[in-house]
Amino acid sequence: MFQPDPQFARSEVLRTFNHAQVYLFLGAAISSIGMVASLFALLRRRFDPLLLWFALLALLYGGRLWMRYQLLLLLGLRPPVFWRIYTAVGFLVPIPAFFFFRELNLLGRAGRIASNIIWPVASLLALAGLIFGSQQVFWNINNGFVVIALLLVSIALVRADSEKDDIRLVRRGLLLFIASALYGNVSEFFDRHDNIEPFGFVVLLACLGIVAGRRALGKEQQLSTIQKELEIAQRIQLSLLPVSFPISKRFQVAARYVPMTSVAGDFYEYVVASDDEAGLLIADVSGHGVPAALIASMVKLAITTQHQNARTPAELLSGMNDVLCGNTQSQFVTAGYVYLSAADRELRYAAAAHPPMLLLRHGATIEIEENGLMLAAFNFAQYQTVSVPIQPGDRFVLYTDGILEAEDAEKIEFGKDRLCALVRDTAGRTCAEAADHIIESIRRWAPHQNDDLTVLICDYIA
């Protein structure tokens, strides 16, 4: 533990403090700006690397300036730990600065290489400073790398597009800071010791803060616009789905659709809907989000051209494949289509690489499967129709693979067996209640939804 030397007179302490108070104020102000920027970055809903590097730069530089002009250092009372921390912080200051410039895309290839060299060298020097204290060789290495890197950044700024306001602002702030730092170093040769670098840094920090604020605000506006467009796209996509199955003497239908994102690639349609007939299509586009939603709208268009084939599922899928092939940008579609006839007491089913339909009859679950190749992938794909007698009381369940592939916290999929058991549990419920029960059970099983969820249930009533 160190003890103050009584040789220092009160007047000398006051003179030293008067000289240092401006820099102490600047250090505290710069550190405060860094803290405010840090809090703002943490409170934002989205991570912004520009704000992060800006905050770290202000905190490190302000803290270093404040420590440099502490009376303990100015009066020669240098506690070893305090001095080593000051040295380490000084070596770390360039790191967030160069990452900030790189995030702004101001550095060319040479500048990016220099920044990738700067941060490991600066980190090693900071570690060495903590262990060995301030050594002149460490500062020589640091100054050499920083000077070279600053030259590369300056060259990149001069060559950058001067029409951009951000480029001009950063260029002026950086050049002023470099000039103030050079002046401080040159003045030492004339024994003046005029340290105007912190004032140049304040100007540079103000310029960087304005640029970071503009970029953050611009991103917020862009994200807000994108969010509004997604909301419109969601409303449009929902309008493509049928609202409800018309009142029918023989069939009751319920559908539930839970997209993973605002818009999704699952789709269903009532191709035929009358007292004695029902034609139900379910489809799943590969991928997620906007691209899948756009393809789903094309599936809607393709199905509208196939109403003449509604009673022959194989021909309906083949016609849809002809429409979609070559128009989906290498994305494919799985689909299942069932035609139900009360007059013939028969179902006809065909599918394109889709999970099998489930038939619930007398408490038992039966899989109905007749699969061909996926839609939109092969123009030579062919499909077959399977026919199965139906009975009053039968329940038919169509679904997408998001139901089967839902994972619990241990990454275990829900799977076909659990789904069959879940369908059996719906016996005695209305089709609407059954659809709700299936979706709620899946969402309880999977804490995080990783795919779109769609289920379509049809009851054949006496």
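The residue numbers shown here count from 1 along each chain, following its written sequence. Given that the model is predicted, a residue must reach a pLDDT of at least 70 before its local features are reported, and side-chain atom pairs must reach 80 or more before they are shown or counted; all residues, however, enter totals for whole chains, interfaces and linings. Processing note: side-chain calculations cover all non-hydrogen atoms of the structure and skip hydrogens and water entirely.

### Some points on the overall build of the protein
Link 1 in the chain: For helices the rule is a DSSP run of H or I covering at least 4 residues; for strands it is a run of E covering at least 2, with both sets numbered from the N terminus onward. Scanning the protein for helices and strands turns up 14 helices and 11 strands.
Link 2 in the chain: The 462 residues of the protein split such that 47% are buried.
Link 3 in the chain: Note on contacts: a residue pair is in contact if any heavy atoms of the two residues lie within 4.5 Å. Contacts spanning at least 24 positions in sequence make up 70% of the contacts within the protein whose residues lie at least 6 apart.
Link 4 in the chain: Method for areas: the Shrake-Rupley scheme with a 1.4 Å probe, in which residue coverage is limited to the protein chains shown. Of the roughly 23500 Å² of accessible surface on the protein, a fraction of 59% belongs to carbon and sulfur atoms. Any residue under 20% of the maximum accessible area for its type is buried, any over 50% is exposed, and the rest in between are partly exposed; the area is computed with a 1.4 Å probe on protein chains only.

### Remarks on the layout of surface pockets
Where empty space is left can be seen by rolling a probe of water-molecule size over the atoms.
Link 1 in the chain: Using only the protein atoms, space was sampled on a 1 Å grid; points where a 1.4 Å probe fits but cannot get out form cavities, open sets with protein on both sides within 12 Å along at least five of seven lines form pockets, and lining residues are those with an atom within 4 Å of a point. Grid points are joined across faces, edges and corners, and a volume is the space filled by probe spheres set on the points. The calculated volume of the second largest pocket comes to roughly 160 Å³.
Link 2 in the chain: If you trace the second largest pocket, you find 13 residues lining it, with L360, G393, R395, A427 and G428 closest to the centre.
Link 3 in the chain: When its residues are assigned to classes, the lining of the second largest pocket shows four nonpolar, five polar and four charged. Polar here means any residue outside two lists: the nonpolar Ala, Val, Leu, Ile, Met, Phe, Trp, Tyr, Cys and Pro, and the charged Asp, Glu, Lys and Arg; Gly therefore counts as polar.

### Notes on the pattern of salt bridges
Oppositely charged side chains can pair when the atoms bearing their charge come close.
Link 1 in the chain: Salt-bridge detection follows one rule: a side-chain nitrogen of Lys or Arg within 4 Å of a carboxyl oxygen of Asp or Glu. Under the criterion given, the structure shown has eight salt bridges.
Link 2 in the chain: Put simply, E277 and R311 hold a salt bridge, and the shortest N to O gap is 2.8 Å. Placement of E277 in strand β3 (residues 277-285) and of R311 in the loop between α10 (289-304) and α11 (313-324) is noted, with a sequence separation of 34 residues between them.
Link 3 in the chain: Looking at E277, the relative accessible area reads 16%, which means it is buried.
Link 4 in the chain: Across the salt bridge formed by R395 and D459, the nearest N and O atoms sit 2.7 Å from each other. One end of the pair, R395, is in strand β10 (residues 395-399); the other, D459, is in strand β11 (residues 453-460), with 64 residues separating them in the sequence.
Link 5 in the chain: What makes R395 buried here is its relative accessible area of 6%.
Link 6 in the chain: Judged by relative accessible area, D459 falls into the buried class, the value being 9%.
Link 7 in the chain: Among the charged side chains, a salt-bridge network with shared partners connects D344, E346 and R348.

### Observations concerning empty space enclosed by the protein
Link 1 in the chain: Counted according to the given criterion, the structure contains one cavity of 30 Å³ or more.
Link 2 in the chain: Its boundaries defined by the atoms lining it, the largest cavity holds a volume of some 40 Å³.
Link 3 in the chain: P94, I118, V121, A122, L125, N142, F145 and V146 are the residues that line the largest cavity.
Link 4 in the chain: Contributing elements (two or more residues each) for the lining of the largest cavity: α6 (109-132) and α7 (136-159).
Link 5 in the chain: With four residues, α6 is the single largest residue contributor to the lining of the largest cavity.

### Side note on the sheet that holds strand β7 (residues 364-368)
Link 1 in the chain: Whether two strands pair depends on DSSP finding at least two bridges between them. Strands sit in the order β1-β11-β10-β6-β7 across an open sheet of five strands; the sheet is antiparallel. Each of the sheet's edge strands pairs with one partner strand only, and the pair in question is β1 (251-258) and β7. The mean angle between the axes of side-by-side strands here comes to 20°, regardless of whether they run parallel or antiparallel.
Link 2 in the chain: Of the pairings in the sheet, the one linking strand β6 (residues 357-361) to β10 comprises three bridges and is antiparallel in character. Each residue of the ladder has a partner; that of L359, found in β10, is F396.
Link 3 in the chain: Every axis in this analysis is a line fitted to C-alpha atoms, fitted for helices over the stretch in contact. Angles between the N-to-C directions lie between 0 and 180 degrees. Strands β6, β7 and β10 of the sheet are contacted by helix α13 (residues 415-425), whose axis makes an angle of about 130° with β7.

### Some remarks on the nonpolar core
Link 1 in the chain: Residues enter a nonpolar core if they are buried and are Ala, Val, Leu, Ile, Met, Phe, Trp, Tyr or Cys, with the set joined through side-chain atoms within 4.5 Å. If you look at the biggest cluster of nonpolar residues, it comprises 55 residues, and the most contacted ones within it are L280, L281, M320, L347 and F396.
Link 2 in the chain: Listed in part, the 37 residues of the second largest apolar core include L51, L65, Y69 and C207.

### Regarding the environment of T305
Link 1 in the chain: Mapping T305 onto the fold places it in the loop between α10 and α11.
Link 2 in the chain: Put simply, T305 and V323 are 18 residues apart on the chain and 8.7 Å apart in space, counted from C-alpha to C-alpha.

### Structural notes on the side chain of D394
Link 1 in the chain: Mapped onto the secondary structure, D394 falls in the loop between β9 (386-389) and β10.
Link 2 in the chain: Overall, the relative accessible area of 2% leaves D394 in the buried class.
Link 3 in the chain: Each polar contact in these results corresponds to two N or O atoms within 3.5 Å; when the atoms are within protein, one needs to be able to donate a hydrogen and the other to accept it, and residues that are neighboring in sequence are counted only if both atoms are side-chain atoms. A polar side-chain atom of D394 sits 2.6 Å from a polar atom in the side chain of R361.
Link 4 in the chain: In this structure the side chain of D394 is engaged in a polar contact, spanning 2.7 Å, whose partner is the backbone nitrogen of Q391.
Link 5 in the chain: Every residue in contact with D394, bar those within four places of it in the chain, is listed here: L359, L360, R361, C458, D459 and Y460.

### Side note on helix α14 (residues 431-445)
For an α-helix the count is 3.6 residues per turn, leaving residues at separations of three or four pointing the same way.
Link 1 in the chain: Residue count minus one, scaled by 1.5 Å, sets the expected span of a helix. Between the first and last C-alpha of α14 there are 21 Å, a value that for 15 residues agrees with the 21 Å anticipated at 1.5 Å per step.
Link 2 in the chain: Buried within α14 we find C431, A434, A435, H437, I438, I439, S441 and I442.

### Considering the packing of helix α2 (residues 49-68) against helix α4 (residues 80-92)
Link 1 in the chain: Following both chains from N to C, one finds α2 and α4 inclined at 145°, their axes separated by 9 Å at the closest point. For the element pair α2 and α4, the recorded crossing hand is left-handed. When α2 is examined against α4, the residues L60, R64, M67 and R68 are found in contact with a partner set consisting of F82, I85, Y86, V89, G90 and L92.
Link 2 in the chain: Looking at the contact of α2 with α4 residue by residue, the classes come out as seven nonpolar, one polar and two charged. Each crossing gets its hand from how the near helix is turned against the far one by less than a right angle, where anticlockwise is left-handed and clockwise is right-handed.

### Some details on the environment of A343
Link 1 in the chain: Along the chain, A343 falls in the loop between β4 (333-341) and β5 (346-352).
Link 2 in the chain: Exposure remark for A343: the relative accessible area of 67% places this residue in the exposed category.
Link 3 in the chain: For A343 and E277, which are 66 residues apart along the polypeptide, the C-alpha to C-alpha distance reads 8.1 Å.

### Some thoughts on the packing of aromatic side chains
Link 1 in the chain: We call Phe, Tyr and Trp rings a pair once their centres come within 6.5 Å, taking the six-membered ring for Trp, and we label the pair stacked below 30 degrees between planes, edge-to-face above 60, and tilted otherwise. Enumeration over the complete set of coordinates arrives at seven aromatic pairs.
Link 2 in the chain: With a centroid separation of 6.0 Å and an interplanar angle of 50°, the aromatic rings of Y268 and Y270 are classed as tilted. The burial state of Y268 is the same as that of Y270; both residues are buried.
Link 3 in the chain: Measuring from ring centre to ring centre gives 5.6 Å for F414 and W445, while their planes differ by 85°; the resulting arrangement is edge-to-face. Of this pair, F414 sits in the loop between α12 (401-404) and α13 while W445 sits in helix α14, and the two are 31 residues apart along the sequence.
Link 4 in the chain: Site record: aromatic cluster; members linked through ring pairs are F245, Y268 and Y270.

That's the geometry; what it means functionally is another story.
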